[in-house]
Amino acid sequence: VQLQASGGGLVQTGGSLRLSCAASGRTFSNYHMGWFRQAPGKEREFVAAVNRSGGYTHYADQVKGRFTISRDNAKNTVYLQMNSLKQEDTAVYYCAADLMVVSRIASEYDYWGQGTQVTVSS
């Protein structure tokens, strides 16, 4: 499956952004989806994941209550709504697809998008 992330940009602290990840090539609804992020000089870290139907979601503690992951299988798209953004949310955000499990482990994902930059300014 090919993944194309979009929606990143520059936003002030406390602002909001919605990331989108459009999938093509295979049956999107067969895949659990995740969002990860990587800040300069840091390892890639888990942000959120959603199961095939969208009925189960899982979040990293750092974003719980501020970010919401959702999906629209009819549009082959997964979203990440980010509210109350903080400077420490600045990173390149990646979407990923996992055929087998809803995971917070990057190495378990089968396909990755190219990333979209999110920069939160003071």
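This text goes with the structure placed above it.
Notes on the structure follow. The structure presented is a predicted model; accordingly, all values stated were derived computationally and were not measured.

Calculation notes
- Residues numbered from 1 in each chain as written.
- Predicted model: local features only at pLDDT ≥ 70, side-chain atom pairs only at ≥ 80, totals over all residues.
- Heavy atoms only, no water.
- Salt bridge = Lys/Arg side-chain N within 4 Å of Asp/Glu carboxyl O.
- Buried < 20%, exposed > 50% of the residue type's maximum accessible area, 1.4 Å probe, protein only.
- Helix = DSSP H or I, 4+ residues; strand = E, 2+ residues; numbered from the N terminus.
- Contact = heavy atoms within 4.5 Å.
- Pairing = 2+ DSSP bridges.
- Phe/Tyr/Trp six-rings, centres within 6.5 Å; stacked < 30°, edge-to-face > 60°.
- Lys NZ or Arg CZ within 6 Å of the ring centre and 35° of its normal.

### Points about the pattern of salt bridges
Then, number 1: Overall, the coordinates contain 4 salt bridges when judged by the stated rule.
Then, number 2: Across the pair Glu45 and Arg37 runs a salt bridge, and its minimum N-O distance is 2.5 Å.
Then, number 3: Judged by relative accessible area, which is 28%, Glu45 ranks as partly exposed.
Then, number 4: Judged by its relative accessible area of 5%, Arg37 is buried.

### A few points about the environment of Gly113
Then, number 1: Secondary-structure assignment places Gly113 in the loop between β10 (111-112) and β11 (116-121).
Then, number 2: The exposure class assigned to Gly113 is buried, which follows from its relative accessible area of 10%.
Then, number 3: Residues in contact with Gly113, not counting those within four places in the same chain, are Leu3, Tyr94 and Cys95.

### Structural notes on the pairing of strand β7 (residues 67-72)
Then, number 1: The two faces of β7 differ: Phe67, Ile69 and Arg71 on one face are buried, but Thr68, Ser70 and Asp72 on the other face are not.
Then, number 2: Between β7 and strand β8 (residues 77-82), which pair antiparallel one after the other, the connecting turn spans 4 residues, and Asn76 there sits at a positive phi close to 55 degrees.

### What about the packing of aromatic side chains?
Then, number 1: Per the counting criterion, the structure on display carries 6 aromatic pairs.
Then, number 2: Consider the rings of Tyr94 and Trp112, whose centres lie 6.5 Å apart with planes at 75 degrees: the pair is edge-to-face. In this pair, Tyr94 sits in strand β9 (residues 91-98) while Trp112 sits in strand β10, placing the two residues 18 residues apart along the sequence.
Then, number 3: Residue Tyr94 is classed as buried on the basis of its relative accessible area, which comes to 14%.
Then, number 4: The class of Trp112 is partly exposed, set by a relative accessible area of 29%.
Then, number 5: One aromatic cluster is present, formed by Phe36, Phe46, Tyr94, Tyr109 and Trp112 through successive ring pairs.
Then, number 6: Sitting over the ring of Tyr94, Arg44 keeps its end group 3.8 Å from the ring centre.
Then, number 7: Seen from the ring of Phe28, Arg71 lies directly overhead, with NZ or CZ sitting 4.3 Å from the centre.

### A few points about the environment of Ala23
Then, number 1: On the secondary structure map, Ala23 appears in strand β3 (residues 17-24).
Then, number 2: By relative accessible area, Ala23 is classed as buried at 9%.
Then, number 3: The sequence separation of Ala23 and Val102 amounts to 79 residues, and the corresponding C-alpha distance is 17 Å.
Then, number 4: In contact with Ala23, not counting residues within four places along its chain, are Val1, Gln2, Leu3, Phe28 and Asn76.

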